[in-house]
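Letter by letter, the chains look like this.
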Amino acid sequence: MMSGRMRRLLGIAALAVLLMTTATACSKKEVLPSREGLGVKVGGLTYTVFITRELNPRDVEDRDYIPPTDPGTGFAWFGVFLQVCNSDDGTPKVPTSDLRIIDTQGNTYTPTPLPATAVFAYRPVQLDAKRCTPAPGSAAANGPTAGSLVLFKLPIAGIENRPLDLEIAPPPGGVAPKRDRVELDI
């Protein structure tokens, strides 16, 4: 049998361990990804993901977005539609081409190149101050997604490892090599 004093000491020790664990957890800042629709600042540019969705080359609505090729057994096409804006001072900037999707298991997926004729494709071009891509009036800006397409070929099994994050790296030569993430709503 344990004496009353011994039980009190064990209780105090357990409480001390609990408080230390809580204090340690509070001091670590976990960086959570932003949500779709909210802009994230990377390399002096603001990246906004408007929508992410599966694309079907046999669907009339999706035919203008992607080449008429099947992604293959066990895979699906996913489109991330985004806008990039230079809202900084008068310094021109080039958006990054280093985009990737990361799942909860740490698997990474890189974009699938689109042909030069793809009018909705994301193409990192120099943006002067107060300019965005896609450019106002373009097919991508005026389309139902209001963004440029970054196409990914994802394994169906990998889609189960949600949430999926779009990781955005700063352009090469950037002063602050900070990457940021946007949680994709699929």
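What counts and what doesn't
- Per-chain numbering applies: the sequence of each chain, read as written, is numbered from 1 onward.
- Reporting in this predicted model follows two pLDDT cut-offs: at least 70 for local features of residues, and 80 or more for side-chain atom pairs to be given and counted; totals over whole chains, interfaces and linings ignore these cut-offs and use all residues.
- The side-chain values count all of the structure's non-hydrogen atoms but skip hydrogen atoms and water molecules.
- Only runs of H or I of at least four residues qualify as helices and only runs of E of at least two qualify as strands under DSSP, and these elements are numbered from the N terminus.
- Remark: exposure states derive from per-residue accessible area (1.4 Å probe, protein chains only) relative to the maximum for the residue type, with buried under 20%, exposed over 50%, and partly exposed in between.
- In what follows, a contact means two residues having at least one pair of non-hydrogen atoms within 4.5 Å.
- The predictor attaches a confidence to each residue, and that confidence, scored 0 to 100, is pLDDT.
- Following DSSP output, two strands are said to pair if at least two bridges run between them.
- What counts as a salt bridge is simple: a side-chain nitrogen of Lys or Arg found within 4 Å of a carboxyl oxygen of Asp or Glu.
- The method works on a 1 Å grid over the protein atoms by themselves. A cavity is a set of points holding a 1.4 Å probe that cannot get out, a pocket is an open set with protein on both sides within 12 Å along at least five of seven lines, and residues with an atom within 4 Å of a point line them.
- Grid points are joined across faces, edges and corners, and a volume is the space filled by probe spheres set on the points.
- When residues are sorted by character, Ala, Val, Leu, Ile, Met, Phe, Trp, Tyr, Cys and Pro go into the nonpolar class, Asp, Glu, Lys and Arg into the charged class, and all the rest, Gly among them, into the polar class.
- Any pair of N or O atoms that falls within 3.5 Å is considered a polar contact. Within protein, one atom must be able to donate a hydrogen and the other to accept it, and sequence-neighbouring residues count only if both atoms are side-chain atoms.
- Side-chain atoms within 4.5 Å are what join buried Ala, Val, Leu, Ile, Met, Phe, Trp, Tyr and Cys residues into a set we call a nonpolar core.

On to the overall build of the protein chain, then. Scanning the protein chain from N- to C-terminus turns up three helices and 10 strands. Seen in sequence order, the protein chain has helices and strands lined up from the N terminus as α-β-β-β-β-β-β-β-α-β-α-β-β. Here the protein chain holds 186 residues, and the buried ones make up 36% of them. By sequence separation, contacts in the protein chain at least 24 residues apart represent 69% of the contacts at least 6 residues apart.

Per-residue confidence for the protein chain gives a mean pLDDT of 85; residues scoring 70 or more make up 81%. Under a pLDDT of 50 for its full length, residues 21-29 has, in the predicted model, zero contacts with residues more than four places off or in other chains.

The next subject is the sheet that holds strand β1 (residues 34-35). Ordered in space as β1-β10-β9-β5-β6, the five strands form an open sheet in which the pairing is mixed. Of all the strands in the sheet, the pair left with one neighbour each is β1 and β6 (108-109). In terms of strand pairing, β1 meets strand β10 (residues 180-184) through two bridges, oriented parallel. Note that in β10 the partner of R35 across the bridge is E183.

This part is about the pattern of salt bridges. Overall, the coordinates contain 11 salt bridges when judged by the stated rule. R35 is the salt-bridge partner of E183, the closest N and O atoms lying 3.2 Å from each other. Highlighted residues: E183 in strand β10 and R35 in strand β1, separated in sequence by 148 residues. Taking relative accessible area as the criterion, E183 reaches 21% and is therefore assigned partly exposed. The partner of E167 in a salt bridge is R179, with the nearest N and O atoms 3.0 Å apart. On the criterion of sequence distance, the pair formed by E167 in strand β9 (residues 164-168) and R179 in the loop between β9 and β10 is long-range, its members being 12 residues apart. For E167, a relative accessible area of 10% translates into the label buried. You can call R179 partly exposed: its relative accessible area is 37%. Here the salt bridges do not stand alone but share partners, grouping D98, R100, D165, E167, R179 and R181 into one network.

Turning our eyes to something else, we now look at the layout of surface pockets. Its volume calculated, the largest pocket comes out at about 190 Å³. Taken together, 13 residues form the lining of the largest pocket, with P111, T112, P113, Y122 and V150 sitting closest to its centre. At three residues, the largest contribution of residues to the lining of the largest pocket is made by strand β8 (residues 148-155). Split by residue class, the lining of the largest pocket holds 10 nonpolar, two polar and one charged.

Here we take up the side chain of N86. Mapped onto the fold, N86 is located in strand β4 (residues 75-86). In terms of polar contacts, N86 uses its side chain to reach the backbone carbonyl oxygen of T91, at 2.9 Å. Those residues within four positions of N86 in sequence are excluded, and the remaining contacts are G44, L45, T91, P92, K93, L127, D128, A129, K130 and R131.

Ranked by size, the top nonpolar core spans 24 residues in total, and within it V80, L82, I101 and L166 carry the most contacts. Among the elements of the structure, β2 (40-42), β3 (45-55), β4, β5 (99-102), β8, β9 and β10 are those that each provide at least two residues to this core. When residues in this core are grouped by element, the largest group, five residues, is from β4. Filtering out sequence-adjacent residues up to four positions away, V80 remains in contact with V49, I51, T52, I101, S148, L149, V150, F152, L166 and L184. Counting residues in each nonpolar core, the second largest holds 12 residues, with F81, L114, A140 and L149 among its members.

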